[in-house]
Amino acid sequence: MTTRKTETLVGLFVALAIAATMLLALRVVNQGMAGNSETFTVKARFDNIGGLKPRSSVKVGGVVVGRVERIYLHKTDLVPIVELQISTEYANTFPDTSSLSILTSGLLGEQFIGLLPGFIFPEDLARIEEDKVCETTSLNNCPYLTEGEEVFDTKSALILEDLIGQILFKQGSE
Amino acid sequence: MNFLVNYFSGLGKSTLNRVNGVGAASIMLYGALFAFPQWKNIRLTISQIYIVGVQSLLIVMVSGLFIGMVMALQGYTILVNYGAEGSLGPMVALSILRELGPVVTALLFAGRAGSALTAEIGLMKATEQLSSLEMMAIDPLRRVVSPRFWAGIISLPMLTLIFSAIGILGGHLVGVDWLGVDAGSYWSIMQATVEWDKDVVNGIIKSAVFALVIVWIALYKGYSCIPTSEGISQATTQTVVYSSLAILGLDFILTALMFGI
């Protein structure tokens, strides 16, 4: 009889632990980009990344679509290269004329990458429809951002010291 | 001259004793770890989970509730100065999931369950129950030590999860229901910040490591204690002191490995 009671209480204990895990998983944890979903990689080169760090978010109009995977310095050009992982949910969504800029959330908040979607030329639209360039294995002709592609239109982080320096320089020259 | 010889022989003796102790503890760990997959012992393990885990549930839940509540209260008074009380949720959740949950639960567990394990095993040794088991050709490592070992390792991560969940709910109780932080921002900013693998899973890994260390120290101290009432009381004290120090030291190392750059 006592073993039965013990086993029941242990069972309740396990159930409680599972309930706690469920609470953490469903209410507390970030679900949108859990890190397990499929992603594709996009590269971008900046002049200055400011305080950007790996795992900073990539946002389009405030919606998180990906994360910064890796930041390193280009060996010969000596500029920072940022690798972004964007959820495959948004594959063939952003045109490759999109621009990236490093923004700050709030006055003292963390830095993130804002993606401003670009446009697609009408003749490219026709190519997508007719030639199915985005459904072949080589995606070079696809006018959307795809795996391994580099974004050229980038805006660096705002460095407060540079800004103040420019203002002082401007005032000094007047 | 004689003084020097005495000094060095004393140093050598204490070194040898310590190395012996580490060796014996490692052999015990090996014996206990690899004695698990026996289904006939599962009942013993379950009854130990009851003693080690279920009976620690009340103290863990109450502490979790109050720690979550006090975190919310303290965090609110600081954050409200900057108009950032919306960040109360992530502050409570991250500090509980990453640090307070694993560490406080492990400290409570060391005091509540670790000391009891040492005293139990020590008394078994003092009353020669362990020797009697060996006389009956029953391996005390398998029959007595291993179920307690695995019960501790299984129980502590579950207790930590319960602690964290209740702590976050306690933070909600004080922050949202009492101090009037917006419930939507409490949960949504928390969800935007907390990551499953980085925060929750690392907390569970931490508590599993703490569990291993606590149960190892507790069982070894009981198993190797001097079989007198004084020896048992010393071993019990040592268990609590050593495992608390080990938890705090290991916590720093694990945090540096997990969240350091």
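Residues numbered from 1 in each chain as written. Chains lettered and ligands numbered in written order. Predicted model: local features only at pLDDT ≥ 70, side-chain atom pairs only at ≥ 80, totals over all residues.

As named in an unreviewed UniProt entry, chain B is Intermembrane phospholipid transport system permease protein MlaE, taken from Glaciecola punicea ACAM 611. UniProt, in the comment section headed Subcellular location (unreviewed entry), describes chain B in these words: "Cell inner membrane". UniProt, in its Function (unreviewed entry) section for chain B, records the words "Part of the ABC transporter complex MlaFEDB, which is involved in a phospholipid transport pathway that maintains lipid asymmetry in the outer membrane by retrograde trafficking of phospholipids from the outer membrane to the inner membrane. Probably responsible for the translocation of the substrate across the membrane." (UniProt positions renumbered as here; feature names shortened; annotations may be inferred.)

Going by an unreviewed UniProt entry, chain A carries the name Probable phospholipid ABC transporter-binding protein mlaD and comes from Glaciecola punicea ACAM 611.

Q: I'm lost on the overall build of chain A in this one. Help?
A: If you tally the helices and strands in chain A, you get 3 helices and 8 strands. Reading chain A from its N terminus to its C terminus gives the helix and strand order α-β-β-β-β-β-β-α-β-β-α. Within chain A, the fraction of its 174 residues that count as buried is 20%. Contacts in chain A between residues at least 24 apart in sequence constitute 61% of all its contacts with a sequence separation of at least 6. (Helix = DSSP H or I, 4+ residues; strand = E, 2+ residues; numbered from the N terminus. Buried ≥ 20, exposed ≤ 12 C-beta atoms within 10 Å, placed from the backbone. Contact = placed C-beta atoms within 7 Å.)

Q: Hey, could you run me through the overall build of chain B in this one?
A: A tally of helices and strands in chain B yields 9 helices and 0 strands. In chain B, the succession of α and β elements from N to C terminus is α-α-α-α-α-α-α-α-α. Dimensions along the principal axes, computed over C-alpha positions, put chain B at roughly 70 × 55 × 35 Å. Evaluated residue by residue, chain B yields a buried proportion of 42% over its 261 residues. In chain B, once contacts between residues fewer than 6 apart in sequence are set aside, the share between residues at least 24 apart is 88%.

Q: Could you clarify how one ought to interpret the interface of chain B and chain A in this entry?
A: The partner chain A presents 20 residues to the 24 residues of chain B that form the contact. Ranked by residues supplied to the side of chain B that touches chain A, first place goes to helix α6 (residues 140–178) of chain B with 6 residues. Of the residues that constitute the side of chain B that touches chain A, the class distribution is 17 nonpolar, 4 polar and 3 charged. (Nonpolar A, V, L, I, M, F, W, Y, C, P; charged D, E, K, R; others polar.)

Q: What is the right way to read the confidence of the model for chain B from this model?
A: Of all residues in chain B, 98% have pLDDT values of 70 or greater, and the mean over the chain is 89. In the predicted complex, the global pTM is 0.72; the interface-specific ipTM is 0.76. (pLDDT = per-residue confidence, 0-100.)

Q: Before we go on, may I ask you to explain the packing of helix α4 (residues 88–126) of chain B against α6(B) in this structure?
A: Relative placement of two packed helices is described by the angle separating their axes and the distance separating the axes. Residue and element names in this part refer to chain B. Here α4 crosses α6 at 145°, and the two axes come no closer than 8 Å. Every pair of crossing elements has a handedness; the one defined by α4 and α6 is right-handed. Per-class residue counts for the contact of α4 with α6 are 17 nonpolar, 8 polar and 1 charged. (Axes fitted to C-alpha atoms, helices over the stretch in contact; angles between N-to-C directions. Left-handed = near helix turned anticlockwise from the far one by under 90°.)

Q: Looking at this structure, how should I read helix α1 (residues 2–33) of chain B?
A: Owing to its 3.6 residues per turn, the α-helix brings residues three or four apart onto one side. Compared with the 46 Å implied by 1.5 Å per residue over 32 residues, the 46 Å span of α1(B) between its first and last C-alpha is a close match. Where burial is concerned, little of α1(B) is hidden: 1 out of the 32 residues are buried. (Expected span 1.5 Å × (residues − 1).)

Q: Teacher, can you tell me more about the nonpolar core here?
A: Across soluble globular proteins, nonpolar side chains have a tendency to be buried as a group. In this structure, B:Ala106, B:Ile162, B:Ile214, B:Val215 and B:Leu219 are the most contacted members of the largest nonpolar core, which totals 72 residues. Residue assignment for this core shows that the elements contributing at least two residues are α1 (2–28) of chain A together with α2 (42–52), α3 (57–79), α4, α6, α7 (183–193), α8 (196–223) and α9 (229–259) of chain B. The leading source of residues in this core is α6(B), at 18 residues. Excluding anything up to four places from it in sequence, B:Val215 contacts B:Leu117, B:Arg148, B:Phe149, B:Gly152 and B:Ile153. Core analysis: the next-biggest nonpolar cluster, separate from the first, contains 21 residues, A:Ile49, A:Leu52, A:Val68 and A:Phe94 among them. (Core = buried A, V, L, I, M, F, W, Y, C linked by C-beta atoms within 7 Å.)

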